[in-house]
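Observations on chain architecture
Here is how the chains run, residue by residue.
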Amino acid sequence: MTTAEVASPAVGTGEPGLLTQARWAVSDTLTMARRALLVWVRVPAYIVFTVIQPVMFVLLFAYVFGGAIPVQGTTYVNYLMPGIIGQTAAFASFGTAIALAQELQKGVIDRLRSMPMARSAVLAGRLVADTGRMLVTILIIVGVGYIVGFRFQNGFGLAVAMVVLATVFGLSICVIAAFTGLAIGDEESVQAFGLIWLFPLTFVSSAFVPISTMPGWLQAFAKHQPVTQVVDAMRAMALGGPIAGPLWRSIAWLAGIFIVFVPLAVRAYRRAS
């Protein structure tokens, strides 16, 4: 056997092409997403507790506070629902942060890293699964809103656009949550931290009351923060009114969040141990 014949089996071997690597990464990501979504199938109570809080907010605000909060040009339920949907999307990020902190504490992430899979799949799979979970929750809340009197008044296409915007907004908050969950690494601390920044951000906005009813010193913050921009765009899509201004400001905020926090989340994942 010649030297050339011995070496020939190695010809063509080496690193797979970029297309093959991308295909493997997508497959690994979907596998990790399926793993995360199996919790819903195997623990039905998880679905109930995920949905029950936004449903309670809908009922409380609609029937307890609704009569005391006047809004111009529409009913309070119609005004409320885009805010509730935006809040639901934001609060869905708690699951992302807590799940990643739990897996980090239990050493699951270290074990997954040792497997022959794309390194991006763990984090990307979690975000894909949580986006799907969030979309289902949003659709349930829309259904509850219809029960209490909410109606889309701007056509089916813009109703779908509103749900898409809410889902993308929730994904952006999930990216922040992924960073905090991996950076802090403790379940209780992550949950407490989420409450500290998410509650003021959602309540000091146009989600539940007109900003004009707030004290003057608070209005400046409420008008220019991301929740207000997203909720205003969603409300215009659902009920009518100028869409372009709040939509472009929403896109700018969401793009900024992704640009800043995606690299931070990836870095925290690489450093997590």
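All of these numbers come straight from a predicted model, not from anything done at the bench. (Residues numbered from 1 in each chain as written. Predicted model: local features only at pLDDT ≥ 70, side-chain atom pairs only at ≥ 80, totals over all residues. Heavy atoms only, no water.)

Some thoughts on the overall build of the chain
When its secondary structure is counted, the chain shows 12 helices and zero strands. If you list the helices and strands of the chain from N to C, you get α-α-α-α-α-α-α-α-α-α-α-α. When the backbone C-alpha atoms are referred to their principal axes, the chain occupies close to 90 × 40 × 40 Å. Across the 273 residues of the chain, 47% fall into the buried class. (Helix = DSSP H or I, 4+ residues; strand = E, 2+ residues; numbered from the N terminus. Buried < 20%, exposed > 50% of the residue type's maximum accessible area, 1.4 Å probe, protein only.)

Considerations on the environment of glycine 86
Mapped onto the secondary structure, glycine 86 falls in helix H4 (residues 76-91). Given the relative accessible area of 1%, glycine 86 is considered buried. For the pair glycine 86 and valine 64, spaced 22 residues apart in sequence, the C-alpha to C-alpha distance is 20 Å. If we ignore the near neighbours within four places in the chain, the residues touching glycine 86 are Phe169 and Met234. (Contact = heavy atoms within 4.5 Å.)

Things to note about the layout of surface pockets
In this structure, the largest pocket spans a volume of roughly 760 Å³. Considering the residues around the largest pocket, the lining is formed by 31 residues, among which Tyr46, Thr50, Phe94, Gly95 and Arg133 are closest to the centre. Contributing elements (two or more residues each) for the lining of the largest pocket: helix H2 (18-42), helix H3 (44-65), H4, helix H5 (93-105), helix H7 (121-147) and helix H9 (187-203). In terms of residues, the lining of the largest pocket owes the most to one element, H3, which gives seven residues. The residue makeup of the lining of the largest pocket, split by class, is 17 nonpolar, eight polar and six charged. (1 Å grid on protein atoms, 1.4 Å probe; cavity = no way out; pocket = protein on both sides within 12 Å on 5 of 7 lines; lining within 4 Å. Points joined across faces, edges and corners; volume = space filled by probe spheres on them. Nonpolar A, V, L, I, M, F, W, Y, C, P; charged D, E, K, R; others polar.)

Digging into the packing of H5 against helix H8 (residues 156-184)
At a closest axis distance of 8 Å, the pairing of H5 and H8 adopts a crossing angle of 25 degrees. Compared by their axis directions, H5 and H8 come out roughly parallel. Crossing hand, H5 versus H8: right-handed. Listed contacts from H8 to Ser93, Thr96, Ala97, Leu100, Ala101 and Leu104 of H5 are Ile173, Cys174, Ala177, Ala178, Thr180, Gly181 and Leu182. (Axes fitted to C-alpha atoms, helices over the stretch in contact; angles between N-to-C directions. Parallel < 35°, antiparallel > 145°, perpendicular 65-115°, else oblique. Left-handed = near helix turned anticlockwise from the far one by under 90°.)

Let's talk about the pattern of salt bridges
Overall, the coordinates contain five salt bridges when judged by the stated rule. Here glutamate 103 ties to arginine 35 by a salt bridge, and the two come within 2.6 Å at their closest N and O atoms. With glutamate 103 in helix H5 and arginine 35 in helix H2, the pair connects residues that are 68 residues apart, well separated along the chain. The exposure class assigned to glutamate 103 is buried, which follows from its relative accessible area of 10%. Salt-bridge contacts for arginine 126 lead to aspartate 130; the nearest nitrogen and oxygen are separated by 3.8 Å. Here arginine 126 and its partner aspartate 130 are both found in helix H7, four residues apart, which amounts to about one turn of the helix. Among the residues examined, arginine 126 registers a relative accessible area of 12% and is labelled buried. Beyond isolated ion pairs, a larger network of salt bridges with shared partners links Arg35, Glu103, Arg126, Asp130 and Arg133. (Salt bridge = Lys/Arg side-chain N within 4 Å of Asp/Glu carboxyl O.)

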